[in-house]
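Understanding the architecture of this molecule
If you want the building blocks of each chain, they are given just below.
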Amino acid sequence: MIGKLLGNRYEILEQLGGGGMAIVYKARDNFLNRLVTVKILRAEYVSDSDFVRRFRREAQAVARLSHPNIVNIHDVGQENDTQYLVMEYVDGDNLKNYIKHNQNLDLPTIVNIVMQICDALQHAHDNGIVHRDVKPQNILIAHNQRVKLTDFGIAFEAATGTISNTETVLGSVHYISPEQANGDTPGAQSDIYSLGVVLYEMLTGQLPFKGDGAVAVALKHIQEQPPLPSEIKPDIPKYLERVVIKAMEKDPARRYQTAKQFKQDLQQLDYTADLNDDFATQVLPGSAIAKAKESVPREGVNGKPPPAKAKPKADTRKIVLIASLLILSLLSGVLFAFYKYINVPEITVPNVLGYTEQEARDALTKVGLEAQVKEVKNEAEKGTVISQDPEPDAKAKQGRVVTLTVSLGPEMAKLPDVMGLPISEVRLALQNLDFEYTEEEVFSDKYEAGLVVDQDPGPGEYPKGTKVALEVSKGAEPKVHPMPTLVGLPLSQAEQKVAELNLILDEPTLTQASDEYMQGYVISQKPEPGAEITEGEGVSVVVSEGPGPAKRSAGITVEIDDDDKEHQLRINVSDARGEQDVYVKKHAPGEVVYENIEFYGRATIRVYIDNELRQQKVL
């Protein structure tokens, strides 16, 4: 396959990997001069309609999605027996290999990876797509730390209802949700469970369930609870452990209901909190103190009683008295401070969401609270508070630290000028730059059909995910004409009139016997004469197949003016053939001319001398 050219465009460069259904290659798009990923269905499955359907479902599913954390589909095709998908190329590795090559990942990196996949799943679920196979092998880590979810090969639309029995347990068994393992229809919470397993694996370095064979592992997902992450690695924060446990609840109703909720809890994680301090303040029981006292020796040297203490002198008693007063004073101060500590008044935490960091600090300080800030990438304006803990209107002691999550602002990208470019190229360019877009077709005298007429916003730097409104030309606006009269014309003349107005004559042309119209002449038409018709619309006619009206004749006598001048004689006939001059000739003055005029059906004969009407007969 290396070196093969698919679709006369995609040159296969090297194999990147493969799964049970398809092989994945790195390729070059020679048309756009860029690297792409090409997934090719294995040869043994090309004749299996079920595998082909699932293979193409991936393209159909991802084509509905446009998100920076989901691998884009560029093209789908078939060449002979080769079924292939062309996807965005991600310069990096999958998460499974990333974990192997980066032992002991730090918490911020782990949480950042999972939050990006939460964003991808939320977008998919919002568009009715359930992935059903979330696992490290389907999560790509680019060299710029961008995380991409891929392989929607067994995804399905949440609105389609029950899936077939042959597909009920699809998915990688070590990451499968209990409902999938049980053969039930998976929902968004199934993807959340699988992502919880991925988080468990990154935190502990091992999978939650192992067994002899796929069935044994699947049963454990249904029946057993995994070891707590802190049992494997005691330094895992308790708060993060609770997030993992909630994501991996057996009952879907007790899990996070959306990937967005999953991400929000991860955003609350305080990496600096010491949640496992074994030396925190403890209450020692009185019995322990008593035993410690008893352990002090009461006997002197060699078991003899210690010598009696000498009576203190007067100055010694004074020093003891002063020391006692100082100790009492200190104890009083400590007791007073302790009283003040346990009797700190409660206050209502103000709502500082949407404030700038400084505004939020000022508002909290004003009511006796302190602020601690952590920053995250977010679509909100840079420097804006996007969440707080405790939440607004909660009760807290004075001096309590309120954790503020502040936006670092969205990632930016440069939007190019796409006016005048083909819409097919513009779609790919915007997808690669992580912009969303809408399209509206408009008439344009300046741009050909299929070219971009206008864009909003214009070229410049904008947050990734910004929606760009595109106007696409559908060509010049067609003109409107009054429908000409075609009845009574030969078909050739009718075709000429239709073509002159950029109309289309319907085919095949209908024919009908007629005694009134000559063979090959138009009997009727649609639209009717005088009706408005737009360029490009169709016109239908019925043509006479004969025999037509009978041939007739009439004698015409004309006396030329006798004025010493030569004159032109013209005889015009309007009959079933249309209107035509049947006689045009110059004559001497005073000459008498006789002509036998032939016509078909009813006719009007007009005689002109020097274009002046002299006779008219209706026959």
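For the structure itself, consult the block above.
On a predicted model such as this, the values are computed, not experimentally measured, just so you know.

About the cut-offs
- Residues numbered from 1 in each chain as written.
- Predicted model: local features only at pLDDT ≥ 70, side-chain atom pairs only at ≥ 80, totals over all residues.
- Heavy atoms only, no water.
- Helix = DSSP H or I, 4+ residues; strand = E, 2+ residues; numbered from the N terminus.
- Buried < 20%, exposed > 50% of the residue type's maximum accessible area, 1.4 Å probe, protein only.
- Contact = heavy atoms within 4.5 Å.
- Areas by Shrake-Rupley, 256 points an atom, 1.4 Å probe, with all protein chains shown as cover.
- Pairing = 2+ DSSP bridges.
- Axes fitted to C-alpha atoms, helices over the stretch in contact; angles between N-to-C directions.
- Core = buried A, V, L, I, M, F, W, Y, C linked by side-chain atoms within 4.5 Å.
- Polar contact = N/O pair within 3.5 Å; in protein donor to acceptor, adjacent residues only side chain to side chain.
- Salt bridge = Lys/Arg side-chain N within 4 Å of Asp/Glu carboxyl O.
- Phe/Tyr/Trp six-rings, centres within 6.5 Å; stacked < 30°, edge-to-face > 60°.

What follows is about the overall build of the protein. Helix and strand counts for the protein come out as 14 helices and 33 strands. Counting over 619 residues, the protein shows a buried share of 39%. Across the protein, every contact between residues at least 6 apart in sequence was considered, and the portion connecting residues at least 24 apart equals 66%. Total accessible area on the protein stands at roughly 34,900 Å², and carbon and sulfur atoms take up 50% of it.

A word on the sheet that holds strand S2 (residues 10–18). If you trace the six strands from one edge of the open sheet to the other, you get S1-S2-S3-S4-S6-S5, paired in antiparallel fashion. Each edge of the open sheet is held by one strand with a lone partner, namely strand S1 (5–6) and strand S5 (73–79). Where S5 lies against strand S6 (residues 82–88), six bridges are found, and the strand directions are antiparallel. Counterpart to Gly77 in the pairing with S6 is Tyr84. Those strands touched by helix H13 (residues 423–432) are strand S4 (34–41) and S5, and its axis lies near 125 degrees from that of S5.

Attention now goes to the nonpolar core. If you look at the biggest cluster of nonpolar residues, it comprises 62 residues, and the most contacted ones within it are Leu95, Leu195, Leu199, Met202, Phe262 and Leu266. Top element by residues in this core is helix H3 (residues 107–126). It accounts for 10 residues. Excluding residues within four positions of it along the chain, Phe262 makes contact with Val114, Cys118, Ile192, Leu195, Gly196, Leu199, Val243, Ala247 and Tyr256. Core analysis: the next-biggest nonpolar cluster, separate from the first, contains 15 residues, Val558, Ile560, Leu569 and Ala603 among them.

Take Lys39: it is sitting in strand S4. Within polar-contact distance, the side chain of Lys39 engages the side chain of Asp151 at 3.2 Å.

Relative to the helices and strands, Leu369 is located in the loop between helix H12 (357–366) and strand S13 (370–376). Relative accessible area serves as the criterion here: at 3%, Leu369 is assigned to the buried category. On a C-alpha basis, the gap between Leu369 and Lys397 in space is 8.1 Å, while along the polypeptide they are 28 residues apart. Beyond its immediate chain neighbours, meaning those up to four positions away, Leu369 contacts Ile347, Val349, Pro350, Leu364, Ala396, Lys397, Gly399, Arg400 and Val402.

Throughout the structure, instances matching the rule amount to 19 salt bridges. For the salt bridge of Asp119 with Lys263, the shortest nitrogen-to-oxygen distance reads 2.9 Å. Residue Asp119 is located in helix H3, and its partner Lys263 is located in helix H9 (residues 259–267); the two are separated by 144 residues in the primary sequence. You can call Asp119 partly exposed: its relative accessible area is 25%.

A separate point is the sheet that holds strand S21 (residues 467–473). The three strands lie next to each other as S18-S21-S19, forming an open sheet whose pairing is mixed. A single partner strand is all that each edge strand has here, and the edge strands are strand S18 (436–442) and strand S19 (452–456). Strand-to-strand twist across the sheet, computed as the mean angle between neighbouring axes with direction ignored, equals 20 degrees.

Next up on the list: the packing of aromatic side chains. As enumerated under the stated definition, the model contains two aromatic pairs in all. Summarising the aromatic geometry, the rings of Tyr10 and Tyr84 are spaced 6.4 Å apart at their centres and angled 65 degrees between planes, so their arrangement reads as edge-to-face. Separated by 74 residues along the polypeptide, Tyr10 in strand S2 and Tyr84 in strand S6 bring together distant segments of the chain. Overall, the relative accessible area of 3% leaves Tyr10 in the buried class. When its relative accessible area of 5% is taken as the criterion, Tyr84 is described as buried. Where Tyr256 meets Phe262, the ring centres are 5.1 Å apart and the plane angle is 5 degrees; that geometry is what we call stacked.

As a further point, take the environment of Lys148. Position of Lys148 among the secondary structure elements: in strand S10 (residues 147–149). Classification of Lys148 as buried rests on a relative accessible area of 6%. Those residues in contact with Lys148 that sit more than four places away from it in its chain are Pro68, Asn69, Ile70, Val71, Glu88, Val90, Ile117, Asn138, Ile139, Leu140 and Asp434. Among the polar contacts listed, one links the side chain of Lys148 to the backbone oxygen of Pro68, at a separation of 2.9 Å. Side-chain polar atoms of Lys148 contact the side chain of Glu88, separated by 3.0 Å.

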